[in-house]
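Chains, contacts and geometry: an overview
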Amino acid sequence: MKRISHFLLIIGLFCGTLYASGNKYWLVNEYLENNPTQKKISTDFVELIRNDSIKLSISQNKPVKIVMIYPGNQISDYWRRSKESFEKRLQELNVKYVLEDHFTKPAIQIKEQAKYLLHAIKDDTDYLIFTLDALKHSQFIERILSKKKPKLILQNITTPVKKWEQRQPFMYVGFDHVIGSELLAQYYIQKTQKNGKYALLYGTKGYVSHMRGDEFIHYLNDKTNLVMVDSYYTDFNKQKAMNATKQLLEDHKDLKFIYAASTDIALGVVEVLKQNNLTGKILTNGWGGGSSELEAIEKNLLDITVMRINDDNGVAMAEAVKLDLEGKSKKVPTIFSGDFEIIKKGIDKNTMESLKAKAFRYSN
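All of the points below concern the structure found in this document.

Definitions and cut-offs
Per chain, residues are indexed from 1 in the order of the written sequence. Whole-chain, interface and lining totals are the exception, using all residues; otherwise, since this is a predicted model, local features are given only for residues with pLDDT of at least 70 and side-chain atom pairs are given and counted only at 80 or more. No hydrogens and no water enter the side-chain calculation; it runs on all heavy atoms of the structure. The term salt bridge refers to a pairing of a side-chain nitrogen on Lys or Arg with a carboxyl oxygen on Asp or Glu at a separation within 4 Å. Secondary structure counts use DSSP, requiring at least four H or I residues in a row for a helix and at least two E residues in a row for a strand, with both numbered from the N terminus. The classification of residues rests on relative accessible area computed with a 1.4 Å probe and restricted to protein chains. Under 20% of the type maximum is buried, over 50% is exposed, and intermediate values are partly exposed. Only the stretch in contact is used when fitting a helix axis, every axis being a line fitted to C-alpha atoms; angles between N-to-C directions are given from 0 to 180 degrees. In these notes the angle categories are as follows: under 35 degrees is roughly parallel, over 145 is roughly antiparallel, 65 to 115 is roughly perpendicular, and the rest is oblique. Note on convention: near helix rotated counterclockwise from far helix by under a right angle means a left-handed crossing. Clockwise means right-handed. In this description, contact between two residues means that some pair of their heavy atoms is separated by no more than 4.5 Å. For two strands to pair, DSSP has to find at least two bridges joining them. We call two N or O atoms a polar contact when they sit within 3.5 Å, provided that within protein one can donate a hydrogen and the other can accept it, with sequence-adjacent residues counted only if both atoms are side-chain atoms. Within 6.5 Å between ring centres, the rings of Phe, Tyr and Trp (the latter by its six-membered ring) count as paired, and their orientation is classed by plane angle as stacked under 30 degrees, edge-to-face over 60, tilted in between. The criterion for a charge sitting over a ring is simple: Lys NZ or Arg CZ within 6 Å of the ring centre, and within 35 degrees of the ring normal.

1. Side note on the pattern of salt bridges
Summed over all chains, the structure comprises 25 salt bridges. For the salt bridge of E298 with K356, the shortest nitrogen-to-oxygen distance reads 3.5 Å. Of the two residues, E298 is situated in helix α11 (residues 291-298) and K356 in helix α13 (residues 349-359); the sequence distance between them amounts to 58 residues. Residue classification places E298 among the partly exposed positions, given a relative accessible area of 43%. With a shortest N-O distance of 2.9 Å, R361 and D312 are connected by a salt bridge. Linking R361 in the segment after α13 with D312 in helix α12 (residues 311-325), this pair joins segments that are 49 residues apart in sequence. One connected set of salt bridges, linked through shared partners, spans K65, E100 and D123.

Have a look at this one:
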């Protein structure tokens, strides 16, 4: 658990926002505006994702080899559900494949990830599914992009890297962190009437924390008088989030809400608020809408979450592989950014069940 200097946070926020949207990454809408042919490709691809599967139209000489390296050792079930929906859609599509998967802790087991990546490159892998969060990930990815194989799918990032313009990954796939965080910001704006103090719990220093955390602050600074009085990095770890929340409650008696940047963080906040009889008095959110978050909302412990239509990203990866095998890789968009649903405390049970069926259509 690491507290952030407020002076450094302000400087970092200013530079970080420029770094994300101005210098380093294309935000989704920016990319589509600058690449108009992608709009039609994306629209057609989304229809493919939403419809029933159509079997592969060619015969495969051999199974494709797929390696998946996921930061999935956490409470959030996003990564597990992604793998499950990916495989089930591949099977429906009649794609013959061999999948090797490796699950690591988010953003901190870099050496472990590097070992798996090197093995994938040397082992004649056809498709490699990885992510981009820590700075060192970029170095690994650039090495992969310099080769013809494997074709790289970057998951949990929907903002193309500008310096890779001439050699982008095969596809970026996920649920846009900025869009999700702005939906949560709009909820807090309405609940606080644009005034009051709040605290923020980041994950690990890197892409996800920046997009979910710094961009959230930036949005509130632009539209409200809300003041962020404290923040911590928690490494997406529930216990560290609990420790940070305890410290926040000691230091600040008038918080309106604690913004949590992930599932594991949210569950840590919820537990401490419950212990201190502050559930509902200090608001908090989930991020992603997996099973554990939905359970917390049903128990009135969590106030809101942005629920990813989770299995769409697994389906998107499977359909991209199928199109590529059929020689139709030009029909694969550079970005697939899935949809969100807002889930609030007190949601009707039938509505909740309907949304679960929609989000987890393969991974239930």
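2. Considering the packing of helix α4 (residues 78-92) against α12
One way to put it is that α4 packs onto α12 with a least axis distance of 7 Å and a crossing angle of 40°. By the angle between their directions, the pair α4 and α12 is classed as oblique. Seen along the crossing, α4 lies across α12 with a hand that is right-handed. Across from Y78, R81, S82, S85, F86, R89 and L90 in α4, the residues of α12 making contact are D311, N313, G314, V315, M317, A318, E319 and V321.

3. A look at the pairing of strand β11 (residues 304-308)
Extensive coverage of β11 is indicated by the burial of five of its five residues. What you see with β11 is no split at all: I304, V306 and R308 on one side and T305 and M307 on the other are buried throughout. The pairing of β11 with strand β13 (residues 340-344) spans five bridges and is classified as antiparallel. In the sheet register, V306 faces β13, and the bridge partner there is I342.

4. With respect to the side chain of T125
In this structure, T125 sits in the loop between α5 (110-122) and β4 (127-131). A distance of 2.7 Å separates a polar atom in the side chain of T125 from the backbone oxygen of A120. Discounting residues that sit within four places of it in the chain, T125 has contacts with K65, I66, V67, A120, K149 and P150.

5. A closer look at the packing of aromatic side chains
A full pass over the atoms with the stated rule returns 17 aromatic pairs. Taking 6.3 Å as the distance between ring centres and 75° as the angle between the ring planes, the aromatic pair formed by Y78 and F175 counts as edge-to-face. On the criterion of sequence distance, the pair formed by Y78 in helix α4 and F175 in the loop between β6 (171-174) and α7 (177-192) is long-range, its members being 97 residues apart. Chaining the aromatic ring pairs together yields one cluster made of Y70, Y78, W79, F103, F175, W287 and F340. Looking at R212, its charged tip hangs above the ring of W287, at a distance of 3.8 Å from the centre.

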